[in-house]
Amino acid sequence: MIEKALGSEAAKEDWPLLERPGFLARRLHQIHVSLFAERCAEFRITPLQYSLLSALSELGEADQTRLARAVAIDRTTTTGALKRLEVRGLLRRVTSDRDRRSQACRMTPAGAALLAAMEAAARSAHEATVEPLNAEEQATLIGLMKRAVAAHEDRLASGMPSA
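This structure is a prediction, so every number in the text was calculated from the model and none was measured.

Quick notes on the rules
- Residues numbered from 1 in each chain as written.
- Predicted model: local features only at pLDDT ≥ 70, side-chain atom pairs only at ≥ 80, totals over all residues.
- Heavy atoms only, no water.
- Helix = DSSP H or I, 4+ residues; strand = E, 2+ residues; numbered from the N terminus.
- Buried < 20%, exposed > 50% of the residue type's maximum accessible area, 1.4 Å probe, protein only.
- Contact = heavy atoms within 4.5 Å.
- Areas by Shrake-Rupley, 256 points an atom, 1.4 Å probe, with all protein chains shown as cover.
- Axes fitted to C-alpha atoms, helices over the stretch in contact; angles between N-to-C directions.
- Parallel < 35°, antiparallel > 145°, perpendicular 65-115°, else oblique.
- Nonpolar A, V, L, I, M, F, W, Y, C, P; charged D, E, K, R; others polar.
- Left-handed = near helix turned anticlockwise from the far one by under 90°.
- Salt bridge = Lys/Arg side-chain N within 4 Å of Asp/Glu carboxyl O.
- Phe/Tyr/Trp six-rings, centres within 6.5 Å; stacked < 30°, edge-to-face > 60°.
- Lys NZ or Arg CZ within 6 Å of the ring centre and 35° of its normal.

Asker: Teacher, can you tell me more about the overall build of the protein here?
Answerer: Counting secondary structure elements, the protein contains eight helices and three strands. Sequence-ordered secondary structure for the protein, helices as α and strands as β, is α-α-α-α-β-α-α-β-β-α-α. Expressed as a percentage of the 163 residues in the protein, the buried residues total 27%. For the protein, restricting intrachain contacts to residue pairs at least 6 apart in sequence, the fraction spanning at least 24 positions comes to 52%. When the accessible surface of the protein is totalled, it reaches about 11,400 Å², and 56% of it is carbon and sulfur.

Structure below.
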């Protein structure tokens, strides 16, 4: 059945995992998460939570939808992560002045202090992710990844095209 779907010629071609961009992207992500966990363990922050705090630091204040888009995750996952950060006192969620149905998020002084304290460790994890490459290769990889991501910006965090 799969052979029919792919066509007989395509089905016969060898396509090892290490040649598939999706597999390689997932593996690189796993490697980065592992390095981040090692280097940032003392801060008890996940890469996603770090991204949310970083985005909030840049934005100053944002509702959950804007934060979800800023870090390219779905709103449900964003809500859960923000609740965990709020419980730790790293951000505050308050009813928005502009839209009473919306939650505006603001980083607390404790959140800003944590973000500053973990900057070197987080940067180290990012650098270690691409460390096997020389500086030119790192710049090329980042540039290519940015182009690929930009080309698919019309997709939501769920991976589905936006309506």
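What follows continues from the structure just given.
Asker: Would you mind showing me how to read the packing of helix α4 (residues 47-59) against helix α6 (residues 75-87) here?
Answerer: Packed helices, taken two at a time, are described by their axes: the angle between them and the distance between them. Where α4 contacts α6, the axes come no closer than 10 Å and their chain directions differ by 85°. Classified by the interaxial angle, the pair formed by α4 and α6 is roughly perpendicular. Note on element contacts: α6 touches α4 through Thr77, Thr78, Ala81, Leu82, Arg84 and Leu85, opposite Leu48, Gln49, Leu52 and Leu53. The class makeup of the residues in the contact of α4 with α6 is six nonpolar, three polar and one charged.

Asker: Explanation requested: the packing of α4 against helix α7 (residues 109-129) in the structure shown.
Answerer: In contact at an axis separation of 12 Å, α4 and α7 are set at 120° when each is read in the N-to-C sense. Comparing their axes, α7 and α4 come out oblique. Crossing handedness for the pair α4 and α7: left-handed. Of α7, the residues touching α4 (which contributes Tyr50, Leu53, Ser54 and Ser57) are Leu114, Leu115, Met118, Glu119, Ala122 and His126. Classifying every residue of the contact of α4 with α7 by side-chain character gives six nonpolar, three polar and one charged.

Asker: It is not clear to me how the pattern of salt bridges should be interpreted in this structure. Could you clarify?
Answerer: A pair can form between side chains of opposite charge whenever their charged atoms are brought close. By the definition in use, this model includes four salt bridges. Between arginine 106 and glutamate 61 there is a salt bridge; the shortest N-O distance is 2.4 Å. Taken as a pair, arginine 106 in strand β3 (residues 103-107) and glutamate 61 in strand β1 (residues 61-63) lie far apart in primary sequence, 45 residues in all. What makes arginine 106 partly exposed here is its relative accessible area of 26%. Glutamate 61 gets classed as partly exposed once you look at its relative accessible area, which sits at 26%. A salt bridge links glutamate 86 to arginine 93; its shortest N-O distance comes to 3.1 Å. In this structure glutamate 86 comes out as partly exposed when scored by relative accessible area, which is 29%. Judged by relative accessible area, arginine 93 falls into the buried class, the value being 17%.

Asker: What exactly am I supposed to notice about the packing of aromatic side chains here?
Answerer: The description of two aromatic rings rests on the distance between their centres and on the angle between their planes. Enumeration according to the criterion identifies one aromatic pair in this entry. It is arginine 20 that lies over the ring of tryptophan 15; its NZ or CZ is 4.8 Å from the centre.

Taken by themselves, the reported measurements are silent on function.
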